[in-house]
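Working through the structure, step by step
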Amino acid sequence: MCGIFGYCGRRKAAPILVEGLRHLEYRGYDSFGIAVANDGITVQKKQGKISLGGADLSGIKGTMGIGHTRWATHGVPNDQNAHPHLDCPGKIAVVHNGIIENYAALKRELQDRGHTFCSETDTEVIPHLLEEAFQGDLAAAVEKVIPRLEGSYALLVVAAGCPEMVAARKRSPLVLGVGDRAFLAASDVTPILEHTERVVYLEDGDVASVSTKGIVIRQGEANVERPVQRIDWSLAEVKKGGFPHYMQKEIYEQPEVFSATIRTLRDEETPRMLEGIQGVTLVACGTSYHAALLCRYLIEEHCGIPARVELASEFKYYTLPGGDLVVGVSQSGETADTLAAIEKARMHNHPTLAITNVLGSTITRLADHTLYMRAGPEISVAATKSFIAELAVFFHLVDRLSGGKLEPALGSGHLAIGEALLQDLSPAVELCMGARSMFFVGRGPFYPLALEGALKMKEISYIHAEGYAAGEIKHGPFALLSPETPVVALCPPGPAFPAMFSNIKEMKARGTPMVVIGAGGNQELEEVSDVFIPLPGGGLVSHILASTTLLQLLAYHTAVALGRDVDQPRNLAKSVTVE
Ligand code: F6R
């Protein structure tokens, strides 16, 4: 949520900043802006996406600067509320990701002392506080101001005539890039990859002073060393590579993502904390929550371990079950609610495990142990390949804990995904694209997939879509069924098939257009379907993977047919770093 990027080197900063912000735009795209420091500060900022143009960079001199791409929290998206924000004389510029919770009180206090504000943002209090604290040493001024800020922040600050850029973080991600005679700072590594693979992850409370001479990090009074780490993501992975959208590229990467995740986990030891566990609580948000819900079915059936799944945003209101291992599932590793859940679990002395895609992300530093999925950078706002990678991690864990019950299926999962990628979904797309409202239904492990299919459809096509347990739909939602309300039903072979088939017939009897995903060869099932999509693969694991892929493609092609902005749907942002 919001992306910040800073550059300090020997090249002209403005075009580098704008290019870096393009990579971060998936974190928020309401507005963008840059500030370049030289003898003064030059600011360009604009409502809207970078791709819409409007940044006049000609003549911006200076080799150090900061930039921001915004997901609005305080104040509507407009030019004034766009970052960077300045102090009264326009000598100090700040970009910020996070929320300053006590900004209203600080703003009143600063206004009483004569400061003039130009925006409705919480961020703007920071440059004004810095204006009062700055006496020639920018890092010292930042150190003086941050104890006054309640909430979360990743900050970059530059000042006129000052040779350094200052970075600080508390509960919002911030990573520094160590390049060849150039240093960078960013919310995540995607804009840094263009310059270097060597990064330093800042810790909460760190204040880093970045200049062409290097990086000095302080925590309180003391200088601290943070390790330089090498990122194994490549620049090619953050580019579209010939696909019209990142989402399509990421869906097509899924066979390899699944195999790579399984392969790497196989070479790792099973975390000790999993030995003899009596119960597990999984916490996550959105798509990651759906992956966790699916895991519950498998872990209880195959491992005999009681599993509970909670929305991370609700977890704080529950009492924790004694002794459970608490697993936080988060692609980004930065989702505020999931981090809060892990913190709560730790406070109550529960062992904690993180499942994430991002090396060095905050969750990896909070949890006792981390398992990485190998999805590579996911740029499209809608999660696709990270969901498949989360499933791969869960399948692997269930396999280990059950003494190899899933093993034969894990080696061939990628084939089922590959076959699903080849399906022609145009009749289903045609049926869905005219709908104002839809349902997705399934049973057992296919119920979480119905939830995920509905989430994908609504977030990128803007068609209202609800996921339901097929058995629940008669308990109310039936009233909404009509010839204008298509239902996508997941009906794979397995123990739930007879009940699912009956549900499909009941819905069909109400004139509901049915898109059915099921194994080919069952004539009765095909006849009851308005559109039948044959499900590749044999067995639970491959049916889960293939169904996921088909649902993602259905949402993708429907959104494209409707002319939606697939990679950057309205109002959303990739990484939800506020509660
Ligand atoms: C939906 C989507 C979101 C995320 C959710 C959690 O396509 O991407 O629902 O799944 O914001 O994000 P992570 O997994 O990063 O914690």
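These numbers were taken from a predicted model, which means no experiment stands behind them. (Residues numbered from 1 in each chain as written. Predicted model: local features only at pLDDT ≥ 70, side-chain atom pairs only at ≥ 80, totals over all residues. Heavy atoms only, no water.)

A word on the site of the ligand. Taken together, 15 residues form the shell around the ligand, and within it Ser288, Ser330, Ser332, Thr335 and Glu459 come nearest. A distance of 2.5 Å is found between an oxygen atom of the ligand and a side-chain nitrogen or oxygen belonging to Thr335. Summarising the interface, the protein chains cover 89% of the accessible area of the ligand, which totals 400 Å² for the free molecule. Looking at the shell around the ligand, the elements that each hand over two or more residues are helix H7 (286-303) and helix H15 (446-461). Grouping the constituent residues of the shell around the ligand by class yields six nonpolar, seven polar and two charged. Each of two domains, domain 2 (238-411) and domain 3 (422-566), supplies a minimum of three residues to the shell around the ligand. (Near = heavy atom within 4 Å. Polar contact = N/O pair within 3.5 Å; in protein donor to acceptor, adjacent residues only side chain to side chain. Areas by Shrake-Rupley, 256 points an atom, 1.4 Å probe, with all protein chains shown as cover. Helix = DSSP H or I, 4+ residues; strand = E, 2+ residues; numbered from the N terminus. Nonpolar A, V, L, I, M, F, W, Y, C, P; charged D, E, K, R; others polar. Domains from an automatic or database assignment.)

Overall, antiparallel pairing links the seven strands, which are arranged S5-S6-S7-S8-S12-S13-S14 in an open sheet. Each end of this open sheet is capped by a strand with a single partner; those strands are strand S5 (85-86) and strand S14 (222-224). Pairing between strand S6 (residues 92-100) and strand S7 (residues 151-159): nine bridges, direction antiparallel. Bridge pairing in S7 links Ile92 to Ala159. (Pairing = 2+ DSSP bridges.)

Where charged atoms from two side chains of opposite charge come close, those side chains can pair. Under the definition given, this model contains 28 salt bridges. Between Glu459 and Lys456 there is a salt bridge, with its nearest N and O atoms 3.3 Å apart. Placement of both Glu459 and Lys456 in helix H15 is noted, with a separation of three residues, approximately one turn of the helix. Look at Glu459 and you get buried, because its relative accessible area is 15%. Overall, the relative accessible area of 1% leaves Lys456 in the buried class. Across the pair Lys474 and Glu506 runs a salt bridge, and its minimum N-O distance is 3.1 Å. With Lys474 in the loop between strand S22 (464-469) and strand S23 (487-491) and Glu506 in helix H16 (residues 497-508), this residue pair connects regions lying 32 residues apart in the sequence. Judged by its relative accessible area of 25%, Glu506 falls in the partly exposed class. (Salt bridge = Lys/Arg side-chain N within 4 Å of Asp/Glu carboxyl O. Buried < 20%, exposed > 50% of the residue type's maximum accessible area, 1.4 Å probe, protein only.)

Our next topic: the domain arrangement of the chain. Here the domain parsing of the chain yields domain 1 (3-231), domain 2 (238-411) and domain 3 (422-566). Taken over C-alpha atoms, the centre of domain 1 sits 32 Å from the centre of domain 2. Counting residues at the interface gives 13 residues for domain 1 and eleven residues for domain 2. At the junction of domain 1 with domain 2, the criterion picks out two salt bridges. Glu194 is paired through a salt bridge with Lys239; the nearest N and O atoms lie 3.9 Å apart. (Contact = heavy atoms within 4.5 Å.)

Moving on, we get to the layout of surface pockets. Left-over empty space is what a probe sized like a water molecule reveals as it rolls over the atoms. The space that makes up the largest pocket amounts to roughly 640 Å³. As for the largest pocket, its lining consists of 30 residues, and the residues nearest its centre are Gly286, Thr287, Ala573, Lys574 and Val576. Where the lining of the largest pocket is concerned, the elements lending two or more residues are H7, strand S18 (325-330), helix H11 (385-401) and H15. Among the elements that line the lining of the largest pocket, the one with the most residues is H15, at four residues. Residue composition of the lining of the largest pocket, grouped by class: twelve nonpolar, eleven polar and seven charged. The two domains that each donate at least three residues to the lining of the largest pocket are domain 2 (238-411) and domain 3 (422-566). (1 Å grid on protein atoms, 1.4 Å probe; cavity = no way out; pocket = protein on both sides within 12 Å on 5 of 7 lines; lining within 4 Å. Points joined across faces, edges and corners; volume = space filled by probe spheres on them.)

Quick look at the state of the cysteines now. The final tally for this structure, using the stated rule, is zero disulfides. Just so you know, Cys8 is unpaired, no disulfide at all, and the nearest cysteine sulfur is the one on Cys162, 10 Å from it. A residue is classified by how much of its surface remains accessible, and Cys8, at 2% relative accessible area, is buried. Cys432 takes part in no disulfide bond, and the closest cysteine sulfur to it belongs to Cys491, at a distance of 17 Å. Exposure remark for Cys432: the relative accessible area of 0% places this residue in the buried category. (Disulfide = S-S within 2.5 Å.)

Proteins that are soluble and globular tend to have nonpolar side chains buried together. Ranked by internal contacts, the top residues of the largest apolar core, which has 84 residues, are Phe395 and Phe440. The leading source of residues in this core is helix H18 (residues 540-561), at eleven residues. Not counting residues up to four positions away in its chain, the partners in contact with Phe440 are Ala450, Gly453, Ala454, Met457, Ala465, Glu466, Gly467, Tyr468, Val488, Leu551 and Leu554. Counting 32 residues, the second-largest nonpolar core is a separate cluster that includes Ala13, Tyr29, Ala186 and Val199. (Core = buried A, V, L, I, M, F, W, Y, C linked by side-chain atoms within 4.5 Å.)

Further remarks concern the sheet that holds strand S19 (residues 352-356). Read across the sheet, five strands follow the order S17-S16-S18-S19-S20 without closing on themselves; strand pairing throughout is parallel. In this open sheet, the two strands that pair with only one neighbour each are strand S17 (307-311) and strand S20 (369-372). Neighbouring strand axes in the sheet, compared pairwise and without regard to direction, differ in orientation by 20° on average. Note that S19 and S20 share four bridges and pair parallel. Along S20, the bridge assignment pairs Thr356 with Tyr372. Relative to S17, H7 is tilted by about 170°, and along the sheet it contacts strand S16 (280-284), S17 and S18. (Axes fitted to C-alpha atoms, helices over the stretch in contact; angles between N-to-C directions.)

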